[in-house]
Amino acid sequence: MKHRRLALAAVAALVLTGCSGSGSGGPEKDLDDPANKDIAMRLVSSAENSTLDWKAQYGYVEDIGDGRGYTAGIIGFCSGTGDLLGVVERYTAKRPANALARFLPALRAVNGSDSHEGLGDAFTTAWAKAATDPAFRSAQDAERDETYFGPALERARADGLSALGQFIYYDAYVMHGYADAEGTVGFRTIRAQALDGAGTPSEGGDEETYLNAFLDARVDAIRKEPSHSDTSRVETAQRVFVREGRLQLETPLVWKVYGESFRIDGR
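Note that the structure is predicted; figures quoted are calculated from it, not measured.

### Structural notes on the packing of aromatic side chains
Applying the stated criterion across every chain, the model contains 15 aromatic pairs. Pairing Phe149 with Tyr170 gives two aromatic rings, centres 5.1 Å apart and planes at 75 degrees, and the pair type is edge-to-face. Residue Phe149 is located in helix α6 (residues 134–158), and its partner Tyr170 is located in helix α7 (residues 163–176); the two are separated by 21 residues in the primary sequence. Residues Phe149 and Tyr170 agree in their burial class; the two are buried.

This is the structure in structure tokens:
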């Protein structure tokens, strides 16, 4: 009887603490948990900036030749897709006299193209210098959260996804955007293609099966973009985490992206 009571107590403890069956040793947490969000940002930074130090990327800016103009900041905001403009508009609302405000007309004019007209070295220098201003960093954080992180998290929660699934959605939002654009396939289409082959957990589907279907659709999307034909961001990173069952982003996380190796040992 003593052993039976101990076994029942152990089961009760698991229920009361909400422990994950994935071996994380603690309650399951969403991607907006501060530790998980930091891991997500490090994972994105490994692909966007070849480093885990995402907080050092607020001043990053260059044209990487992908047809989207300048790529800049903590998740690769682009002058050709409107989110870089959004950052500068947010910053200007807080600091009207900032050094980037004078480039707003040019940023509006080049939106939708890869043009540098009215920008150039003066713009990139001003962007890098602005990174020392907390208000500028906050503007980047807000654009990331409202345009990418928040919508991805909301959709992932509705689909019943774990922290890993939430990250996979977020990274797809960052790289592809929500909707299709000329020459690109957006998150909405990638998800629709995944649903053709698998059900989400909220529909009673198996999460790992669904995530692999989503990643298959994402690989197809990447291969349709000449500038993003390398699929290692999926195949030797996110696919590895799914295969290893790290649904709560349990560390250590070990992956490769674009030929470089990375590792996160703790939170």
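Okay, back to it.
### What about the sheet that holds strand β2 (residues 70–72)?
Strands sit in the order β1-β2-β3 across an open sheet of 3 strands; the sheet is antiparallel. Every other strand in the sheet has two partners, leaving β1 (61–63) and β3 (77–78) as the edge strands with one partner each. Here 3 bridges tie β1 to β2, and the two strands are oriented antiparallel to one another. Residue pairing for β2: Asp63 is matched across the bridge by Tyr70. Across the sheet, helix α5 (residues 120–130) lies against β1 and β2, angled at about 5 degrees from β2, the strand it touches most.

### A few points about the packing of helix α8 (residues 187–195) against helix α9 (residues 207–223)
At a minimum axis distance of 8 Å, the contact between α8 and α9 shows a crossing angle of 130 degrees. As the angle between them shows, α8 and α9 are arranged oblique. Considering only the axes of α8 and α9, their crossing is right-handed. Residues Phe187, Ile190, Arg191, Gln193, Ala194 and Leu195 of α8 pack against Tyr210, Ala213, Phe214, Ala217, Arg218 and Ala221 of α9. When grouped by side-chain class, the residues that make up the contact of α8 with α9 number 9 nonpolar, 1 polar and 2 charged.

### A look at the packing of α7 against α8
Across the interface, α7 lies against α8 with an axial gap of 9 Å and an inter-helix angle of 135 degrees. As the angle between them shows, α7 and α8 are arranged oblique. Where α7 abuts α8, its residues Tyr169, Ala172, Tyr173 and His176 lie against Phe187, Ile190 and Arg191. Along the lines of polarity and charge, the residues of the contact of α7 with α8 split into 5 nonpolar, 1 polar and 1 charged.

### Concerning unusual backbone geometry
The amide bond that connects Thr251 to the next residue, Pro252, takes the cis arrangement and shows omega of 5 degrees. Tracing the sequence through the fold places Pro252 in the loop between α10 (232–243) and β4 (253–257). Positive phi values are uncommon outside glycine, yet Ser50 reaches one of about 60 degrees. Along the chain, the position of Ser50 falls in the loop between α2 (34–49) and β1. In this structure Ser50 comes out as partly exposed when scored by relative accessible area, which is 39%.

### Remarks on the nonpolar core
Counting residues in each nonpolar core, the largest one holds 76 residues, and the members touching the most others are Leu100, Phe123, Trp127, Tyr170 and Phe214. For this core, the element with the highest residue contribution is α7, accounting for 10 residues. Filtering out sequence-adjacent residues up to four positions away, Tyr170 remains in contact with Leu31, Ala40, Met41, Val44, Ile75, Arg144, Tyr148, Phe149 and Ala152.

Conventions used here
- Residues numbered from 1 in each chain as written.
- Predicted model: local features only at pLDDT ≥ 70, side-chain atom pairs only at ≥ 80, totals over all residues.
- Heavy atoms only, no water.
- Phe/Tyr/Trp six-rings, centres within 6.5 Å; stacked < 30°, edge-to-face > 60°.
- Helix = DSSP H or I, 4+ residues; strand = E, 2+ residues; numbered from the N terminus.
- Buried < 20%, exposed > 50% of the residue type's maximum accessible area, 1.4 Å probe, protein only.
- Pairing = 2+ DSSP bridges.
- Contact = heavy atoms within 4.5 Å.
- Axes fitted to C-alpha atoms, helices over the stretch in contact; angles between N-to-C directions.
- Parallel < 35°, antiparallel > 145°, perpendicular 65-115°, else oblique.
- Left-handed = near helix turned anticlockwise from the far one by under 90°.
- Nonpolar A, V, L, I, M, F, W, Y, C, P; charged D, E, K, R; others polar.
- Core = buried A, V, L, I, M, F, W, Y, C linked by side-chain atoms within 4.5 Å.

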